[in-house]
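# Structure at a glance
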Amino acid sequence: MAIGVQNGASARHPRWADVPEAEWSDPRWQMTHRLRSASQLREVMKLTEEEEGALGADGLFRVDVTPYFLSLIDGSDPQCPLRRQVIPTSREMEAFDGRLPDANSEIENEPVRGVIHKYPDRLVMLVTSSCAAYCRYCTRSRFVGDGQQNYGHADWQEQIRYVRESPQVRDVLISGGDPLTMARKRLAEIVAEIREIPHVEIIRLGTRAPVFNPFVVDDELCEIIEANHPMWVNIHVNHPYEITPELGRACDRLLRAGAPVGSQAVLLKGINDSVEVQRRLCTELVRIRVRPYYLYQCDSVRGAGHFRTSVTKGIEIIEGLRGHITGFAVPTYVIDSPGGGGKIPVAPNYLLSLSPERAVLRNWAGEISEYKGPSGYRSGTTPPLRGTKPPAPRTAPDVTTVSDRLSAPQPSDDDEGADA
Ligand SMILES: *Cc1c(COP(=O)(O)O)cnc(C)c1O
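One structure accompanies this document, and this report is about it.

Definitions and cut-offs
Residues numbered from 1 in each chain as written. Predicted model: local features only at pLDDT ≥ 70, side-chain atom pairs only at ≥ 80, totals over all residues. Heavy atoms only, no water. Helix = DSSP H or I, 4+ residues; strand = E, 2+ residues; numbered from the N terminus. Buried < 20%, exposed > 50% of the residue type's maximum accessible area, 1.4 Å probe, protein only. Axes fitted to C-alpha atoms, helices over the stretch in contact; angles between N-to-C directions. Parallel < 35°, antiparallel > 145°, perpendicular 65-115°, else oblique. Left-handed = near helix turned anticlockwise from the far one by under 90°. Contact = heavy atoms within 4.5 Å. Nonpolar A, V, L, I, M, F, W, Y, C, P; charged D, E, K, R; others polar. Pairing = 2+ DSSP bridges. Near = heavy atom within 4 Å. Polar contact = N/O pair within 3.5 Å; in protein donor to acceptor, adjacent residues only side chain to side chain. Areas by Shrake-Rupley, 256 points an atom, 1.4 Å probe, with all protein chains shown as cover. Core = buried A, V, L, I, M, F, W, Y, C linked by side-chain atoms within 4.5 Å. Domains from an automatic or database assignment.

On to the environment of I335. With respect to the helices and strands, I335 occurs in strand β8 (residues 332–336). Taking the relative accessible area as the measure of exposure, I335 reaches 23% and is therefore partly exposed. Here the alpha-carbon distance between I335 and D299, two residues 36 residues apart in the chain, equals 7.9 Å.

What follows concerns the packing of helix α12 (residues 275–287) against helix α13 (residues 311–321). When two helices pack together, their arrangement is captured by the angle between the axes and the distance separating the axes. Between α12 and α13, the least distance of the axes is 9 Å, while the angle of their chain directions is 55°. As summarised for this structure, α12 and α13 are arranged oblique, according to the angle between their axes. Note that α12 runs across α13; the crossing there is right-handed. Here V275, Q278, R279 and C282 of α12 come into contact with α13, specifically with E316, I317, G320 and L321. Considering only residue class, the contact of α12 with α13 consists of 4 nonpolar, 2 polar and 2 charged.

Here strand β10 (residues 351–355) pairs with strand β11 (residues 358–362) via 4 bridges, running antiparallel. What sits directly across from S353, in β11, is V360.

The environment of the ligand is made up of I116, K118, Y119, R122, V124, L173, R204, Y293, Y294 and K343. With respect to the ligand, the side chain of Y293 contributes an N or O atom lying 2.5 Å from an oxygen atom. Y294 is positioned such that a nitrogen or oxygen atom in its side chain is 2.4 Å from an oxygen atom of the ligand. With the chains in place, 90% of the 380 Å² that the ligand exposes on its own is no longer accessible. Breaking the shell around the ligand down by element, the ones donating at least two residues are β1 (115–119), β2 (122–126) and β7 (291–297). Top contributing element to the shell around the ligand by residue count: β1, with 3 residues. Counted by class, the shell around the ligand contains 6 nonpolar, no polar and 4 charged residues.

With that settled, the discussion passes to the nonpolar core. Counting 106 residues, the largest nonpolar core has L41, F69, V172 and I194 as the members making the most contacts within it. Domain assignment of the residues forming this core places at least three in each of domain 1 (5–93) and domain 2 (107–262 + 273–289 + 299–306). Setting aside chain neighbours within four positions, we find L41 in contact with L35, L47, L55, V63, L70 and I87.

At the junction of G176 and G177, the peptide bond is cis and its omega measures out at 25° in the coordinates. With respect to the helices and strands, the residue G177 is situated in the loop between β3 (171–175) and α8 (184–195). Look at S105: it is not a glycine, yet its phi comes out positive at around 50°. Looking at the element boundaries, S105 is found in the loop between α6 (81–86) and β1. Classification of S105 as buried rests on a relative accessible area of 8%. One non-glycine residue, R289, lies in the positive phi region at around 65°. By the secondary structure assignment, R289 is in the loop between α12 and β7.

What follows covers the sheet that holds strand β12 (residues 368–372). Read from one edge of the open sheet, 3 strands run β10-β11-β12, paired in antiparallel fashion. Both outer strands of the open sheet, β10 and β12, are each paired with one neighbouring strand and no more. Each strand axis lies, on average, 15° off the axis of its neighbour in the sheet, ignoring direction.

Printed below as a string of structure tokens:
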């Protein structure tokens, strides 16, 4: 392969040094050998008091780490950015101001179980509650990792029926949980059924499994992708240490199967809240031909308080990327609206003043310039596209308005027991 990042293999933890390569690189082997308890984790790393405290606590959000991902962790460093993402600490148990059980009001936008419909032309289908490993800041920890709340055949049928009966939906995002933890036969059936719906133009898979278990990108998955184009894949990479030769090869296979691959990251205190780390992350992603898509502000969700940063920090990071690295390596920084209004982009201000005749601008290096507009410009002269009717009024999904949602009483911390 052409570039160095895709050759070779990541070092394994000595515990698995003797596992034959065929087993190690079998995605099922990685899943069945995951570590989930304090005693299992103690065998491969020295746990801190805070980690022991969390692992022994009641009501802990599920823990599960693949041997592959565990091998990337520095067991001697409690601050290792990969460790912090998957090994809980007692700080996860802390309450904080503004904490919400359902940080982006997904439940109110769920017309059928597991369909989140916030935008007119696209929706999210939650097909499973399982993931390959559990991110401690998970925004969907209200059901993710809970086998009791898993989705099954009857749910998928209802979800697909909803898509079929919603002609305005042209983009279906299959997520969860993680769809790549599902049996390939099931996933193939779901994707094929969606593909048969004439108004569905694109299908996306949202997955972090390639980061925790890159071997999930196998022949069967590539066949599903090839058989159902146009398909897009979005992965979730938070730190450059996650970009291994194995992940590089997995992304290469997805790309060769014809799916453009993007990545989203969550801005996390002490993990990736620095310009240096984000620059490296974004430039390493484009080296494996993955395009940074979104950088998310960390949601105000239970268990994630200690990971939150200020919004100012996010703006500072984008300032440190735009103009400094390849334009398409810069993600859009977004806050997922707590009122359920969707993702809201927030950006540094490069526009210092604006009128129809004049824009005063600041560039990435801080230099000021002026763009003089045409005098007497009037819009509306572009002819409508051939063969199209005048645009129909926008049909929004049948949900409450953002202002309704925002004015609804906010749940207090006391209300949270039910979602444990
Ligand atoms: C993120 C998201 C989408 C997709 O948004 P894009 O900006 O098109 O990537 C769709 N629906 C919901 C509910 C989402 O959270």
